[in-house]
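The residues making up each chain are set out below.
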Amino acid sequence: MTAAKIATRESYGNALVELYKKHNNIIVLDADLAAATKTGIFKKAVPDRHYDCGIAEANMMGIAAGISTTGLVPFVSTFAMFAAGRAFEQVRNSIGYPHLNVKIGATHAGISVGEDGATHQCNEDIALMRTIPGMVVINPSDDIEARAAVEAAYNYDGPVYMRFGRLAIPIINDKPSYKFEIGKGVVMRAGKDATIIATGLCVGASIEAAEKMAQKGLDVGVINIHTIKPIDKELVIEAAQKTGKIITVEEHSIIGGLGSAVCEVLSENCPTPVLRIGVNDCFGHSGPAVGLLHEFGLDAEGIDKKVSEYLK
Amino acid sequence: MDIIELKKIAKRIRLSTMQMLEKAGTGHPGGALSMVEILVTLYFEKMNIKPHEPNWKYRDRLILSKGHGNPSYYAVLSEKGYFAKEKLSTLRQYGSILQGHPDMNTTPGVDMSTGSLGQGLSIGCGMAIAAHMQHEKFRVYVIVGDGELDEGQNWEALMSAVKYKLDNLTLIVDYNKLQINGSNEDVMGIAPLDKKFAAFNWNVIRINGHDFRDIRNALEMACSTSGRPTVIIADTIKGKGISFMENNPIWHGKIPDRVQFEKIFRELEGDI
Ligand SMILES: Cc1ncc(C[n+]2csc(CCOP(=O)(O)OP(=O)(O)O)c2C)c(N)n1
Ligand SMILES: [Mg+2]
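Quick caveat: nothing in here was measured; it's all calculated off a predicted structure. (Residues numbered from 1 in each chain as written. Chains lettered and ligands numbered in written order. Predicted model: local features only at pLDDT ≥ 70, side-chain atom pairs only at ≥ 80, totals over all residues. Heavy atoms only, no water.)

Undergrad: Quick question: what am I supposed to make of the UniProt feature "domain: Transketolase N-terminal" (unreviewed entry) in chain B here?
TA: UniProt annotation of "domain: Transketolase N-terminal" (unreviewed entry) refers to residues 7-253 of chain B when read in the numbering used here. Here residues 7-253 of chain B is 38% helix and 12% strand, with 25 Å between the C-alpha atoms at its ends. (UniProt positions renumbered as here; feature names shortened; annotations may be inferred. Helix = DSSP H or I, 4+ residues; strand = E, 2+ residues; numbered from the N terminus.)

Given below as structure tokens:
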């Protein structure tokens, strides 16, 4: 883990610029949030390929759907709340159902939005997007993975939902061996006593928690599930078979997100006790992002505490 | 109320707004400052309310659909006595009754939770329909941003309000000509607003949104119009009252630095 921290929304903006250098058939859509979603970085580099659709997210999804039918590849960007929430039905019927090649870059996901509070803290987007047939759902864990995800999303033919965060987070995938593949989980750390399956910014926190637990004699593995749909079933089942206990960690509701996806796989293939750590069926509130992650038990300290107790 | 008195209150509200934002360290100054006179006229002159009884059944309602502008709204509510002034310094902080966007369940005086743009007018229609149905006299006010009008839901609501003859509903557009990415007309043209509303069969009034007499008269005309809803298009200045913030889109959601705050407080306190 290097000391540098970067928010995955920033990675998104940077990756779009890089992507355009290789593939000039991309077009970036934004809904009056260019500075926040970081599509402003792309706008600066390629102004004529940045379309500001105004504060009209449902309309923007429709525009993206239409654009995609001509062979151009739209990257549609706004906050997760408005991409997955406000425009859900447009995404479902105008993008999902016709399986159009639209890439949704949703930023400001989860409670780490911070001070804006509950109306902007989207803890439901993974659940919503995961129910749309054919939709790929990616939640990268750091800058390196976020940039790789943008490239992979482009190379995939069909709708992709990418979830990015507002908060700057540490880089954890800076290994020469790092390879991103849609639908393939990554073993970040092997362990015998239990396996934490985490996603997004919770991967780094889970690795840190596992290190703390190692000092107490608990050998806990960590798997990074960056693609929640399609989920890496084999890896999840293998972890359950090897360690017998699974803990899921996500900055999302415990209903419908990674925890649910893992439980769906295990209950049908390898029934295993699962502890789901996430937002416990409640709304967030205003406060500093780091403080909120702590309150919701989603930082290394909170994860260590909950998992250690669970494994007692 | 005396115009001089209203002006004094507006100055205090601007000062409180900037003090709150300084303490919070995050938030949206521009749109909070552009609607100060509107809020002050509504709460100190027009609205039939009982601050000591915030949930009084027959009160007039206000929905701040552009919820991000809430610092000045909170300052007005506390000035009216809905909650203690000391609370203002907790804006957006951990455990505060003053959330980053209005929350009707934590802040006394807030009639509706908002923050996701474009939804307030529909809710206002609902309240106004309920008032008509129950033969209650209360009025419903909705404040929207001009950028917020990009949202299609507003235009759906505009039709509903006419269909149900909601003459107890008044929409106020804080027409400061700016949103986040720049001017309305660059982001998504909304002009000509008056013609659009008129085409939707609303009673349209256009005013200077910083002129108390204008606001007062417009609200009066809205009250005396029967059979259809009224929209007040209030020409305003984003960042109004702070010289370097006025008409500059960068101050939508940006907090000034320490030196800038000193200048701000010199300007605002000098006024008082
Ligand atoms: C549905 C929705 N989309 C996007 C946002 C993010 N957002 C907050 S304020 C804002 C601009 C609002 O502009 P305007 O309505 O003109 O407000 P004002 O100028 O009065 O501040 C945007 C895009 C939001 N809160 N809700
Ligand atoms: Mg505006």
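Undergrad: How should I be thinking about the interface of chain A and chain B in this particular structure?
TA: Every contact between the two is made by 24 residues of chain A and, on the other side, 25 residues of chain B. In total, about 1,900 Å² of surface goes out of reach between chain A and chain B, with carbon and sulfur atoms giving 46% of it. Summed over the three residues of chain A that lose the most area to chain B, namely Asp 32, Ile 55 and Arg 86 of chain A, the buried surface amounts to 31% of that side. Inspection of the chain A/chain B interface yields two salt bridges. For Arg 86 of chain A, the salt bridge goes to Glu 151 of chain B, with nearest N and O atoms at 3.4 Å. For the pair chain A and chain B, the interface holds 16 residue pairs in polar contact (both at pLDDT 80 or more). Breaking the side of chain A that touches chain B down by element, the ones donating at least two residues are α2 (34-37), α5 (80-86) and α12 (289-295) of chain A. In terms of residue class, the side of chain A that touches chain B is made up of nine nonpolar, seven polar and eight charged. (Contact = heavy atoms within 4.5 Å. Buried area = accessible area lost by both parts, 1.4 Å probe. Salt bridge = Lys/Arg side-chain N within 4 Å of Asp/Glu carboxyl O. Polar contact = N/O pair within 3.5 Å; in protein donor to acceptor, adjacent residues only side chain to side chain. Nonpolar A, V, L, I, M, F, W, Y, C, P; charged D, E, K, R; others polar.)

Undergrad: Can you walk me through the UniProt feature "domain: Transketolase-like pyrimidine-binding" (unreviewed entry) in chain A in this structure?
TA: UniProt feature "domain: Transketolase-like pyrimidine-binding" (unreviewed entry): in the numbering of this structure it lies at residues 6-171 of chain A. Between the C-alpha atoms that bound residues 6-171 of chain A there is a distance of 7 Å. The span itself is 44% helix and 19% strand.

Undergrad: Would you mind showing me how to read the pattern of salt bridges here?
TA: Two side chains that carry opposite charge are able to pair once their charged atoms sit near each other. Tallying each qualifying case throughout the model produces 24 salt bridges over all chains. With its nearest N and O atoms 3.1 Å apart, the salt bridge here joins Glu 238 of chain A to Lys 242 of chain A. Remark: Lys 242 of chain A and Glu 238 of chain A occur in helix α10 (residues 233-243); sequence separation between them is four residues, near one turn of the helix. Take Glu 238 of chain A: its relative accessible area is 36%, and that puts it in the partly exposed class. Connected through salt bridges with shared partners, the residues Lys 177, Asp 194, Arg 206 and Asp 235 of chain B form a single ionic network. (Buried < 20%, exposed > 50% of the residue type's maximum accessible area, 1.4 Å probe, protein only.)

Undergrad: Explain the sheet that holds strand β3 (residues 50-52) of chain A to me, please; I cannot follow it from the model alone.
TA: Residue and element names in this part refer to chain A. Pairing in this open sheet of seven strands is mixed, and the strands run β3-β2-β4-β5-β7-β6-β12 from one edge to the other. Looking along the sheet, the strands with just one partner apiece sit at the ends: β3 and β12 (227-229). The average angle at which neighbouring strand axes cross in this sheet is 20 degrees, direction not considered. Sheet topology note: the strand β2 (residues 26-30)/β3 ladder contains three bridges and is parallel. Each bridged residue has a counterpart across the sheet, and for Asp 30 the counterpart in β3 is Asp 52. The strands touched by helix α4 (residues 57-68) are β2, β4 (73-79) and β5 (103-107); relative to β4, the strand with the most contacts, the crossing angle is about 170 degrees. (Pairing = 2+ DSSP bridges. Axes fitted to C-alpha atoms, helices over the stretch in contact; angles between N-to-C directions.)

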